[in-house]
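So the chains spell out like this:
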Amino acid sequence: MWPDLIRKAKEGGLNTIETYVFWNAHEPLRRQYDFSGNLDLVRFIKTIHEAGLYAILRIGPYVCAEWNFGGLPVWLTNIPNMHMRTNNDAFKNEMQNFTTLIVDMMKHKKLLATQGGPIIVAQIENEYGNIEWSYGDDGKKYIGWCANLAESYKVGVPWIMCQQNDAPEPMINTCNGYYCDQFQPKKNVPKMWTENWTGWFKNWGMKDPHRTAEDVAFAVARFFQLGGTLQNYYMYHGGTNFGRVAGGPYISTTYDYDAPLDEYGNLNQPKWGHLKKLHELLYAMEKTLTYGERKDTDYGNQLYSTVYIYEGKQSCFFANAANEDQKLTFENTEYNVPGWSVSILPDCFKEVYNTAKVNTQTSVMVKRGNEADDEEEPYSLKWTWRPENLMNLDTVLAQGDALATTELLDQKFFNDTSDYLWYLTSVEIQESDPLWGLDTTLHVHTDGHIVHAFLNGKHIGSKYSPDGHNHFIFETNAKLKLGTNEIVLLSVTAGLPNYGAKFEEIRTGIHGPVRLFATKNNEVIKKVLDNSKWVYHIGLHGEKMELYLPGTNPKHPWQSENLPSNRMFVWYKTTFKAPLGTDPVVVDLLGLGKGHAWVNGRSIGRYWPSYLASENGCDDIHKCDYRGAYGADKCVTNCGKSSQQWYHIPREFLNEDKNELVLFEEMGGTPLLVNFQTVTVGRICANANEGVNLELSCQGERVISDIKFASFGEPKGSCGEFVKGSCESPNTLSVLRNLCVGKGSCAVNVTEDTLGATGCKCGQYRLAVEAIC
């Protein structure tokens, strides 16, 4: 997808692509490196260069990014005397080794700007200033060491440290957040914004967050109005957390981020188009903004003007940070500035752009069925299945490499090579045992995310942490038998922490107490198991057998009869045809519980469609008020529904004919509702001001099949609810149909010359249109 995404980013007005470097992806095990496939960093940077764009390389190598363990390898925690991200020799040695590897790689391939390559800025560490206080003097020493390390590489391009007010010179401190217009760098240091959050990420059980195009544009325009030099979107394309890379815990597989390019690579309209127009205007003013003399005027009530003067010419920004519309008088001319907006006047006379006036289309995306289905008979999925082999002591000990201890170990001890870790022990019960014959409860205090318990080969209960909080207590009835009772606990992670001070010290897995207890004559009788002999097994049997790979031929073949539903620990497999066309492909997993999915052996990530978002607090996205400061709980949708029903399958993962989907279902569900669809534009809406050139496009291969509504004059309402006003041109609908129907895209000059006279007078005419793709 890289070339297509980069092309769309360039068309949207970007001149630079920024990327993190993920240490745990490139060095999953110590001194074992992986730069293959989608991890080919050199190829990615070269692809950016070939597109004619620059690159910003955020090496970190701590990245946060809602990525598992913040991008740091979990094996670091098992190195003696290790304390991460502080003045600690063990950590600094490992960090220097990886950072040097990346810098040398970029130098060797001549990818730095000083070598003719695209990399114009590099970053060391990431948002350390937010947590530096917790490390005391060692934090300051560590940042000084990071700066010296970066300078020692002599790369010839600037180094940045975002969110680092005490960044040692010549490191450049930069800003991250929804708004950075008030950010003030040190004197004679460029004002840089490394992360303009275009939306927010989503956890399992969370509603869908949205940040309006008007608000993002307002933030960008204000930043450049007040002397900004570099602004980067986080994210411009969010994408998907394939595999096990999602952190958190409980960060979902989707990382759409309400970005200008959506998770599937489609243009997120109107955000993409509204920002494109802003970018084009800022480029046209580049010299004036870069070299001009700046004069700011405060009119009170959060109304401001900024004038840039260069070579006898001037350009103006009028900003209104209040929620209500206000009037501003500049050089004897009165201007109306809508609430929470910035007007840009390149000649300080005529407004060319206002952040609150969206003159680009809104695309309403839809899911369409798999058109590769047979014409005569709908294509139905045929499933095979096999159970996951549940671990027991005899099986694990027979493998000969089992680890046994008399303590409960942290799950990170096993380097996070699987979400699943089995804890196995046994308890002897004699007739003389105080617990014998009583109603016994198994009590487990866990720091994991999910726990499943088995007694003598039978499942006796499960529990998951609400909202991903690590600490919870699980209790379930445990009917003991005379003799040996085997207790098996399966601890499950759903993304390791990725942010905060000393997050590596957050315990993961079962640390206890683990005990059996019962009550007799108001007396609690308990048997503590923490220091029993515990045996450990990493991962699922099916993972070890690589059941997710095509062509695997296990000893016990897949079954086609008696397909189970709502059964835990089951593997499902089916084949399907790739949907026709070029639209992005998704699989609907509603009906399943929680697990992991693979297509043709490639992980499309964890799934958890049974985790529902809360029922309260949602908004009508078309009526969401862009005015006022944004937060992740503003303008949310999807209340009461599955937090993620659809899972992205890049077309690069698909074969032209036969494809294989494998699911590991952990919690129980049915695969019978699974289906494959494509994501495309279903409807186009726009409400454009007179004088603009409105572009309408279905994207992809589809064409505009009809104009459902069109009115030029004073239309009212929003997308899907447009109504005609008292004043309009009677020819608007026929003109739009002639211009657009049957075409993939069309351009409409929103004027009376094009759309016809209205025969009435109003402040400013608008064109409202709804088209069908």
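Before reading on, note that the structure itself is shown above.
Residues numbered from 1 in each chain as written. Predicted model: local features only at pLDDT ≥ 70, side-chain atom pairs only at ≥ 80, totals over all residues. Heavy atoms only, no water.

### A short note on helix 11 (residues 732-740)
Alright, step 1. Turning to helix 11, its buried residues number three or more, namely Thr 732, Val 735, Leu 736 and Cys 740. The buried residues of helix 11 occupy an angular sector of 105° when the element is viewed end-on, so they sit on one face.
Alright, step 2. Check the buried side of helix 11 and you find it contacts strand 36 (693-697), strand 37 (706-713), strand 38 (745-749), helix 12 (752-755) and strand 39 (766-772).
Alright, step 3. Remark: Gly 742 follows helix 11 within two positions and exhibits a positive phi of approximately 90°. (Buried < 20%, exposed > 50% of the residue type's maximum accessible area, 1.4 Å probe, protein only. Helix = DSSP H or I, 4+ residues; strand = E, 2+ residues; numbered from the N terminus. Arc of directions from axis to C-beta. Contact = heavy atoms within 4.5 Å.)

### Considerations on unusual backbone geometry
Alright, step 1. Glu 169 connects to Pro 170 through a cis peptide bond whose omega is 5°.
Alright, step 2. Its location among the elements puts Pro 170 in the loop between strand 4 (159-162) and strand 5 (172-177).
Alright, step 3. The residue after Gln 269, namely Pro 270, is reached through a cis peptide bond having omega 20°.
Alright, step 4. Checked against the element boundaries, Pro 270 lands in the loop between strand 8 (230-234) and helix 7 (271-284).
Alright, step 5. Even without glycine at this site, Tyr 257 takes up a positive phi of about 65°.

### Looking at the sheet that holds strand 1 (residues 16-20)
Alright, step 1. Spatially, 1-2-3-4-5-6-8 is the arrangement adopted by the seven strands of the open sheet, whose pairing is parallel. Edge positions in the sheet fall to strand 1 and strand 8, since each of these pairs with one other strand and no more. On average, each strand axis in the sheet is inclined to that of its neighbour by 25°, with strand direction left out of account.
Alright, step 2. With five bridges joining them, strand 1 and strand 2 (residues 54-60) adopt parallel strand pairing. Paired with Glu 18 across the strands is Ile 56, a residue of strand 2.
Alright, step 3. On the sheet, helix 4 (residues 89-108) packs against strand 2, strand 3 (119-124) and strand 4 and is oriented at approximately 165° with respect to strand 2. (Pairing = 2+ DSSP bridges. Axes fitted to C-alpha atoms, helices over the stretch in contact; angles between N-to-C directions.)

### Points about the pattern of salt bridges
Alright, step 1. Applying the stated rule across the entire model yields 34 salt bridges.
Alright, step 2. Between Lys 8 and Asp 4 there is a salt bridge, and its shortest N-O distance comes to 3.1 Å. In this pair, Lys 8 and Asp 4 both sit in helix 1 (residues 2-11), four residues apart, roughly one turn of the helix.
Alright, step 3. A salt bridge links Arg 683 to Glu 770; its shortest N-O distance comes to 2.9 Å. (Salt bridge = Lys/Arg side-chain N within 4 Å of Asp/Glu carboxyl O.)

### Details of the packing of aromatic side chains
Alright, step 1. According to the stated counting rule, one finds 53 aromatic pairs in the structure shown.
Alright, step 2. A ring pair is formed by Tyr 250 and Trp 608, whose centres lie 5.2 Å apart and whose planes are at 75°; its orientation type is edge-to-face. Linking Tyr 250 in the loop between strand 8 and helix 7 with Trp 608 in the loop between strand 31 (602-607) and strand 32 (636-637), this pair joins segments that are 358 residues apart in sequence. Exposure class is identical for Tyr 250 and Trp 608. Each is buried.
Alright, step 3. Between Tyr 420 and Phe 664, the ring centres sit 5.7 Å apart and the planes meet at 90°, which makes this aromatic pair edge-to-face. You can see Tyr 420 sitting in strand 19 (residues 420-429) and its partner Phe 664 sitting in strand 34 (residues 658-665), a full 244 residues away along the chain. Of the two residues, Tyr 420 and Phe 664, both sit in the buried class. (Phe/Tyr/Trp six-rings, centres within 6.5 Å; stacked < 30°, edge-to-face > 60°.)

### Some thoughts on the pairing of strand 19
Alright, step 1. Counted residue by residue, strand 19 has eight buried out of ten residues, so it is predominantly covered.
Alright, step 2. By the bridge criterion, ten bridges tie strand 19 to strand 24 (residues 483-492) in an arrangement that is antiparallel. In the sheet register, Thr 425 faces strand 24, and the bridge partner there is Ile 487.
Alright, step 3. The pairing of strand 19 with strand 27 (residues 534-538) spans four bridges and is classified as antiparallel. When the sheet's bridge partners are listed, Leu 424 is paired in strand 27 with Val 535.

### Side note on the packing of helix 1 against helix 3 (residues 41-50)
Alright, step 1. Helix 3 packs onto helix 1 with a crossing angle of 40° between their chain directions and a minimal axis gap of 10 Å. The angle between helix 1 and helix 3 places the two elements in the oblique class. Judged by the sense of rotation from one axis to the other, the crossing of helix 1 with helix 3 is right-handed. Side by side, helix 1 and helix 3 meet where Trp 2, Pro 3 and Ile 6 of the first sit next to Arg 43, Phe 44, Thr 47 and Ile 48 of the second.
Alright, step 2. Residue classes in the contact of helix 1 with helix 3 are distributed as five nonpolar, one polar and one charged. (Parallel < 35°, antiparallel > 145°, perpendicular 65-115°, else oblique. Left-handed = near helix turned anticlockwise from the far one by under 90°. Nonpolar A, V, L, I, M, F, W, Y, C, P; charged D, E, K, R; others polar.)

### Brief notes about the side chain of Gln 231
Alright, step 1. Of note, Gln 231 is situated in strand 8.
Alright, step 2. The exposure class of Gln 231 is buried, given its relative accessible area of 15%.
Alright, step 3. In this structure the side chain of Gln 231 is engaged in a polar contact, spanning 2.9 Å, whose partner is the side chain of Asn 196.
Alright, step 4. Setting aside its immediate chain neighbours within four residues, Gln 231 contacts Trp 193, Asn 196, Val 220, Phe 223 and Phe 224. (Polar contact = N/O pair within 3.5 Å; in protein donor to acceptor, adjacent residues only side chain to side chain.)

### A few points about helix 5 (residues 137-152)
Alright, step 1. Relative to the 22 Å expected for 16 residues at 1.5 Å per residue, helix 5 spans 23 Å between its end C-alpha atoms, a close match to the ideal helical length.
Alright, step 2. Buried within helix 5 are the following residues: Gly 139, Tyr 142, Ile 143, Trp 145, Cys 146, Ala 147, Leu 149 and Ala 150.
Alright, step 3. Buried-residue contacts for helix 5 involve helix 4, strand 3 and strand 4.
Alright, step 4. Looking one or two residues beyond helix 5, the residue adopting positive phi is Lys 154, at roughly 50°. (Expected span 1.5 Å × (residues − 1).)

### Digging into the state of the cysteines
Alright, step 1. Throughout the structure, instances matching the rule amount to eight disulfides.
Alright, step 2. The side chain of Cys 740 participates in a disulfide bridge whose partner is Cys 746; the two sulfur atoms lie 2.0 Å from each other. Taking the sign of the torsion about the S-S bond as the criterion, the disulfide between Cys 740 and Cys 746, at about 85°, is right-handed.
Alright, step 3. You can see Cys 64 has no disulfide; the closest cysteine sulfur is in Cys 162, sitting 9.5 Å from it.
Alright, step 4. As a non-bridged cysteine, Cys 162 has Cys 175 as the owner of its nearest cysteine sulfur, 9.3 Å distant. (Disulfide = S-S within 2.5 Å.)

### Some thoughts on the environment of Leu 663
Alright, step 1. The topology assignment puts Leu 663 in strand 34.
Alright, step 2. It is 7.8 Å that separates the C-alpha atoms of Leu 663 and Tyr 548, two residues lying 115 residues apart in sequence.
Alright, step 3. When residues no more than four places from it in sequence are discounted, the contact partners of Leu 663 are Trp 383, Val 570, Trp 571, Tyr 572, Leu 589, Leu 592, His 596, Ala 597, Tyr 607 and Val 674.

### Side note on the side chain of Thr 19
Alright, step 1. Here Thr 19 lies in strand 1.
Alright, step 2. Residue classification places Thr 19 among the buried residues on the basis of a relative accessible area of 14%.
Alright, step 3. The contacts of Thr 19, once residues within four sequence positions are left out, are Phe 44, Ile 45, Ile 56, Leu 57 and Arg 58.

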